[in-house]
Amino acid sequence: MYVTEDRALSAGETDAGLRDRIEIVDALYRFGLGQDLADRDLFASAFAESAELDFRPAARRWGADIPVMVGRDTIVDTILTNFAGRVDTTHVVTNPRVHVDGDSASLTALVEAQHLLTADHSVHALLKNRYDVDLVRDKQRWVVRRMVIENVWYTGDPAAVFGG
């Protein structure tokens with residue numbers, strides 16, 4: 001579930017441990033910026049090949065019923081295709097909490113995501129979401145194995161995210 005430890009670092013944390021923490025949060029930065037720039041390679045670099053993205057808890061807040069996305073290519077294709085030429089996004093990541101356990105890690109963060117229809121920025125949705133992320137080490141970087149997105153609050157028009 002969520003990372004709620006009462007401190008950021010464990011006693012005796014090494015430089016390698018600090019590097020891991022930075023790289024773990026960077027996976028979420030790649031996820032957000034990859035969408036914002038419509039950069040397929042950057043976005044894909046955030047995910048393990050067999051990754052799962054579960055946006056269902058957030059989508060239910062608007063009454064939307066969407067499936068869990070399974071597989072890096074499915075996630076990338078679904079999100080970038082759905083937004084291409086239709087939605088402009090910006091993602092801001094804050095309050096990252098990390099727990100590392102060998103070659104696995106957990107990350108909890110808040111992400112504020114702004115979605116504006118490209119053709120009419122007056123149609124928009126602002127979401128504050130809580131992310132629960134499981135990651136694995138992939139050589140020198142960390143990648144998302146599973147991501148669950150839960151909406152804390154939103155304002156605006158769901159059509160800016162899901163279409164009309």
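Look up: the structure comes first, before these words.
Keep in mind that this is a model prediction, so the values were computed, not measured.

Remarks on the environment of A58
Phase 1: Structurally, A58 can be placed in helix α3 (residues 56-60).
Phase 2: Through-space distance from the C-alpha of A58 to that of V152 is 8.1 Å; in sequence the pair is 94 residues apart.
Phase 3: Ignoring anything within four residues of it in the chain, the contact list for A58 reads N129, I149, E150 and N151.

What about the pairing of strand β4 (residues 104-117)?
Within a regular strand, side chains alternate between the sheet's two faces.
Phase 1: Relative to β4, strand β3 (residues 87-101) runs antiparallel, the two sharing 13 bridges. Of the residues in β4, the one forming a bridge with D101 is S104.
Phase 2: Counting the residues between successive antiparallel strands, the hairpin from β3 to β4 contains 2 residues, one of them, G102, with a positive phi of roughly 65°.
Phase 3: One ladder, built from 14 bridges, connects β4 with strand β5 (residues 120-138); its direction is antiparallel. Its bridge partner lying in β5, S106 is registered against D134.
Phase 4: Connecting the antiparallel pair β4 and β5 is a turn made up of 2 residues.

Calculation criteria
Every chain is numbered independently, its residues counted from 1 as its sequence is written. For this predicted model, a pLDDT threshold of at least 70 governs which residues receive local features, and a threshold of 80 or more governs which side-chain atom pairs are given and counted, while totals over whole chains, interfaces and linings are taken from all residues. Computation of side-chain values covers all heavy atoms of the structure but excludes hydrogens and water. Helix and strand labels come from DSSP, where a helix needs a run of H or I of at least four residues and a strand needs a run of E of at least two; each type is numbered from the N terminus. By the convention used here, residues are in contact when the closest approach between their heavy atoms is within 4.5 Å. Criterion used throughout: strands pair if DSSP finds at least two bridges between them.

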